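# Close look at the chain arrangement
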Amino acid sequence: MEVSMTLWVLTIVGLAALIAVDFFIGRKPHDVSIKEAGIWTGVWIALACVFGLGLLVFGGGRPAGEFFAGFITEKSLSVDNLFVFVLIMAKFAVPSQYQQRVLLIGVLIALVLRAIFIAAGAAILASFSWVFYLFGAFLIWTAWKLIQEARADEQDEEYEENKLLKAVERRFGVADRYHGTKLWIQQNGKRVMTPMLVVMLAIGTTDVLFALDSIPAIFGLTQDPYIVFTANAFALMGLRQLYFLIGGLLKKLVHLSYGLSIILGFIGVKLVLHALHESGVHVPEISIPVSLGVICAVLVVTTITSLRASRKQAAAEAEDPRADGAEKDSVGA
């Protein structure tokens, strides 16, 4: 798909306008209700669908199919990010009324960093087609790692600050408490960061780690930088509202890691087949409609089996009072 510089500029300006509207609406710190989160989640998904339909009308079926496949993949992978966001919020004890501001700025930082990743990835793929082999192998390895982590069933997860964040904290210092939505304050004659800025940086930089698998995954569905960028943008920009909407349901998605591992493994195989095809080897390639169907089917099955497993576990705990008592004892401890 040929994309002019004018279209790139208009797209970036349009996304910036949407971010500005989102910031204006959520500028006042407040607790986000399920109703508000649900409405805005629907709005962001609707905007993504409108954009996809625009690609269908002006670009044809292939760009539209690639966008929807990429958007759904990135959206499903971003749900996995929410688990870590919950840990970060708990680690820094972020007051509930400030969480929406933290997520807005954190996601904005993540979007800028991902744009850099996408530009670098597109340049590398354009120059070295053998990188498809590396991307494919990396996704297959990541899929296997996800399965191992899911089977380990680690319950006591805790967020650990990365080395970059720790270095920034040592360099500038951190205030001992939140000061509203302020990011910097004067303390003992020195300008220091507030915990608000630290947690924003934590969410933004942590998302880079998730980009290590999500960016190769979407390049496995399309090599068009414009579609890769817009699919990532729409997936990330609705992440804040999705956090408040399904935050309480995350623990019920017990099979999510298995579903994501299947998707990443599938795209990894697709990348390897594409690389072989580019090298002149006669192998079948997986089409976008097939990719879209497999991704949607895996997500639907994963959600259904997760909810069923969660209901069975809840019923078993209700029938066994000893298990409930043991759980309360562990919480007390």
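Above this text is the structure in question.
The structure reproduced in this document is the subject of the present report.

Conventions adopted
Residues numbered from 1 in each chain as written. Predicted model: local features only at pLDDT ≥ 70, side-chain atom pairs only at ≥ 80, totals over all residues. Heavy atoms only, no water. Pairing = 2+ DSSP bridges. Helix = DSSP H or I, 4+ residues; strand = E, 2+ residues; numbered from the N terminus. Salt bridge = Lys/Arg side-chain N within 4 Å of Asp/Glu carboxyl O. Buried < 20%, exposed > 50% of the residue type's maximum accessible area, 1.4 Å probe, protein only. Axes fitted to C-alpha atoms, helices over the stretch in contact; angles between N-to-C directions. Parallel < 35°, antiparallel > 145°, perpendicular 65-115°, else oblique. Contact = heavy atoms within 4.5 Å. Nonpolar A, V, L, I, M, F, W, Y, C, P; charged D, E, K, R; others polar. Polar contact = N/O pair within 3.5 Å; in protein donor to acceptor, adjacent residues only side chain to side chain.

## Overview of the pairing of strand S2 (residues 190-193)
Pairing of strand S1 (residues 184-187) with S2 involves four bridges; the strand directions are antiparallel. Paired with Ile185 across the bridge in S2 is Val192. Hairpin connection of S1 to S2: two residues between the antiparallel strands, including Asn188 at a positive phi of 55°.

## Describing the pattern of salt bridges
This model, assessed by the stated rule, comprises two salt bridges. In this structure, the salt-bridge partner of Arg62 is Glu66, at a minimum N-O distance of 3.2 Å. Residue Arg62 and its partner Glu66 are located together in helix H3 (residues 61-91), separated by four residues, close to a single helical turn. Among the salt bridges present, the one from Arg114 reaches Glu74, with a minimum N-O distance of 3.1 Å. Within this pair, whereas Arg114 is found in helix H4 (residues 99-127), its partner Glu74 is found in helix H3, the two being separated by 40 residues in sequence. This pair shows no difference in class: Arg114 is buried, exactly as Glu74 is.

## Overview of the packing of helix H1 (residues 5-25) against helix H8 (residues 225-237)
It is the contact of H1 with H8, at a shortest axis distance of 12 Å, that shows an interaxial angle of 5°. Between H1 and H8, the interaxial angle falls into the category roughly parallel. From H1, Leu7, Trp8, Thr11, Ile12, Leu15, Leu18, Ile19 and Asp22 reach across to H8, where they touch Pro225, Tyr226, Phe229, Thr230, Ala233, Phe234 and Met237. Its residues placed into classes, the contact of H1 with H8 shows 12 nonpolar, two polar and one charged.

## Digging into the side chain of Thr230
By the element assignment, Thr230 lies in helix H8. On the basis of relative accessible area, Thr230 is assigned to the buried category, the value being 0%. At a separation of 3.2 Å, a polar atom in the side chain of Thr230 contacts the main-chain carbonyl oxygen of Ile227. Setting aside anything within four residues of it in sequence, one finds Thr230 in contact with Thr11, Phe51 and Phe67.

## Observations concerning unusual backbone geometry
Of note, the phi angle at Ala93 is positive, near 50°, even though the residue is not glycine. Among the secondary structure elements, Ala93 is positioned in the loop between H3 and H4.

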